[in-house]
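Chain and residue survey
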Amino acid sequence: MTWFDESRLDDEQALERIDVRLRTLAESGSRVRREAGDAASAMAEAVTRAQDLPRPRAVIAAGPDSRLLRAVLEPWCPVPFVAWPGHALPGWAGSLDLVAVLAPDGGDHGTASAVAEAVRRGCQVVVAGPPGSMVAEHAAGRWSAILPTTTRDPLATAVVMLSYLEQVRLGPSADPGTVADALDQVALACAPRRDLAVNPAKTLAIGLADTNPVVWGGSVLAARAARRVAESIRRSSGRTAIAGEVDQLLPVIEASRPRDVFDDPFAGGAGDLRPVLVVLDDGVDDPLVHEQRQQLESAAAERGVRVETLTCEEGDEVARYASLLLSGTYAAEYLRLGLVDD
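Just so it is clear, the structure is predicted and the values come from calculations on it, not from any experiment. (Residues numbered from 1 in each chain as written. Predicted model: local features only at pLDDT ≥ 70, side-chain atom pairs only at ≥ 80, totals over all residues. Heavy atoms only, no water.)

The next point concerns the pairing of strand 4 (residues 98–102). Burial analysis of strand 4 places five of its five residues in the buried class, the great majority of the element. A two-sided burial pattern is seen for strand 4, the buried positions comprising Leu-98, Ala-100 and Leu-102 on one face and Val-99 and Val-101 on the other. Note that strand 2 (residues 59–62) and strand 4 share four bridges and pair parallel. Residue pairing in the sheet places Ile-60 in a bridge with Val-99 of strand 4. Here five bridges tie strand 4 to strand 5 (residues 124–129), and the two strands are oriented parallel to one another. (Buried < 20%, exposed > 50% of the residue type's maximum accessible area, 1.4 Å probe, protein only. Helix = DSSP H or I, 4+ residues; strand = E, 2+ residues; numbered from the N terminus. Pairing = 2+ DSSP bridges.)

In this section: the packing of helix 2 (residues 19–26) against helix 13 (residues 317–338). Interhelical geometry of helix 2 versus helix 13 gives an angle of 175° and a closest axis separation of 11 Å. By the angle between their directions, the pair helix 2 and helix 13 is classed as roughly antiparallel. Between helix 2 and helix 13, the contacting residues are Arg-21, Leu-22, Leu-25 and Ala-26 on the first element and Leu-326, Thr-329, Tyr-330, Glu-333, Tyr-334 and Arg-336 on the second. For the contact of helix 2 with helix 13, the residue count by class is six nonpolar, one polar and three charged. (Axes fitted to C-alpha atoms, helices over the stretch in contact; angles between N-to-C directions. Parallel < 35°, antiparallel > 145°, perpendicular 65-115°, else oblique. Contact = heavy atoms within 4.5 Å. Nonpolar A, V, L, I, M, F, W, Y, C, P; charged D, E, K, R; others polar.)

So, about the pattern of salt bridges. Tallied over the full model, the rule gives 16 salt bridges. Among the salt bridges present, the one from Arg-23 reaches Asp-19, with a minimum N-O distance of 3.0 Å. You can see Arg-23 and its partner Asp-19 sitting in helix 2, four residues apart, about one turn around the helix. Two residues, Arg-33 and Asp-184, come together in a salt bridge whose shortest N-O distance is 2.8 Å. Remark: Asp-184 occurs in helix 8 (residues 176–189) and Arg-33 occurs in helix 3 (residues 28–51); sequence separation between them is 151 residues. (Salt bridge = Lys/Arg side-chain N within 4 Å of Asp/Glu carboxyl O.)

Positive phi is not limited to glycine here, since Arg-152 has a value of about 65°. Arg-152 gets classed as exposed once you look at its relative accessible area, which sits at 56%. For Arg-169, which is not glycine, the phi dihedral falls at a positive 65°. Position of Arg-169 among the secondary structure elements: in the loop between helix 7 (154–167) and helix 8.

This part is about helix 12 (residues 287–303). At 3.6 residues per turn, the α-helix brings residues three or four places apart onto the same side. Between its first and last C-alpha atoms helix 12 spans 25 Å; for 17 residues at 1.5 Å apiece the expected length is 24 Å, and the two agree. In this structure, the buried side of helix 12 is in contact with strand 7 (211–217), helix 11 (246–254), strand 9 (274–281) and strand 10 (307–311). The N-capping residue of helix 12, defined by a side-chain oxygen 2.7 Å from the backbone nitrogen of Leu-288, is Asp-286. Immediately beyond the C-terminal end of helix 12, within one or two residues, lies Gly-304, with a positive phi of roughly 70°. (Expected span 1.5 Å × (residues − 1). Polar contact = N/O pair within 3.5 Å; in protein donor to acceptor, adjacent residues only side chain to side chain.)

Spatial strand order, 8-7-9-10: four strands in an open sheet with parallel pairing. At either margin of the open sheet sits one strand with a lone partner, and together these are strand 8 (242–243) and strand 10. Sheet topology note: the strand 7/strand 8 ladder contains two bridges and is parallel. Counted as the bridge partner of Val-215 is Ala-243 from strand 8.

This brings us to the sheet that holds strand 5. Strand pairing in a sheet relies on backbone hydrogen bonds. The paired strands run either parallel or antiparallel. Spatial ordering of the open sheet is given by 3-2-4-5-6, a layout of five strands whose pairing is parallel. Strands at the two margins of the open sheet, each flanked by one partner only, are strand 3 (81–84) and strand 6 (144–148). For this sheet, the mean angle separating the axes of adjacent strands, direction not counted, is 15°. Helix 7 contacts strand 4, strand 5 and strand 6 of the sheet and is inclined by roughly 155° relative to strand 4.

Just geometry here; none of it tells us what the structure is for.
Listed below in structure tokens is the structure:
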């Protein structure tokens with residue numbers, strides 16, 4: 001039987017066992033600053049060269065990490081944009097187009113293949129990844145630029161690329177300093193030595209302890225953060241945490257039997273865990289988002305499903321995404337710590 005021991009969240013010996021993972025989370029902001037600083041010279045050169053070229057006909061984000069670029073760029077990019085996570089490129093891609101590639105570790109064969117194809121077709125190519133890596137080597141070409149990164153952090157690598165795209169007027173504001181500051185604020189608020197009474201990640205972990213989480217974010221970026229947070233919860237707990245659109249999550253909430261105040265909270269096993277609705281709110285003021293949130297929360301109230309909320313309304317949209325993602329990941333780690341097998 002697995003149960004949740006919340007005392008472990010403030011136990012120094014227990015916290016020491018996950019110190020490496022928590023330290024990695026706490027250093028998220030410094031990794032963003034490091035990558036931005038290390039890539040500054042190469043980025044300035046790439047931006048200068050891009051100013052002498054015509055604006056691309058389209059932007060193609062290639063590789064398995066392309067979906068984050070899509071979440072940021074699709075509503076904003078002034079030219080057609082497509083995310084292409086496969087091992088090739090669209091058949092129409094050519095010399096008039098820009099191929100942007102995130103390669104945090106630079107060792108993915110499929111990404112290297114897509115980059116080589118882009119070079120062969122004469123596309124403009126910008127790669128954020130380790131210099132000297134397999135992907136960087138395949139990107140060598142007349143119209144290619146490498147934005148050097150070394151930490152292998154997917155978010156930090158994405159911020160470097162987004163900063164470049166902002167400077168060439170193909171993307172929205174994505175200031176690395178703002179993102180790093182937002183991550184630092186989360187690290188301070190969710191620090192292991194911060195008591196669970198004032199630690200939002202520990203509080204959320206307690207709220208998730210006896211549940212199967214249903215995670216929802218209303219905006220495009222909040223929805224992506226929701227999927228990533230659900231993945232973290234699954235890895236840390238083995239629970240069936242899910243994320244999705246309203247029409248995918250409503251049936252899960254509505255299928256939950258109404259809560260009975262006479263239920264024995266210690267009866268049953270993992271299969272009897274009730275859902276909890278986790279709302280990721282990035283402050284987007286959109287009537288449709290408000291309507292969808294009201295639908296979910298109303299259904300939760302009718303079925304006695306608890307609602308937990310993570311909120312971030314400061315900074316640009318990438319900073320808010322990073323903040324929600326890191327907060328949820330901290331909560332998943334504290335959930336892992338508190339779960340005990342008898």
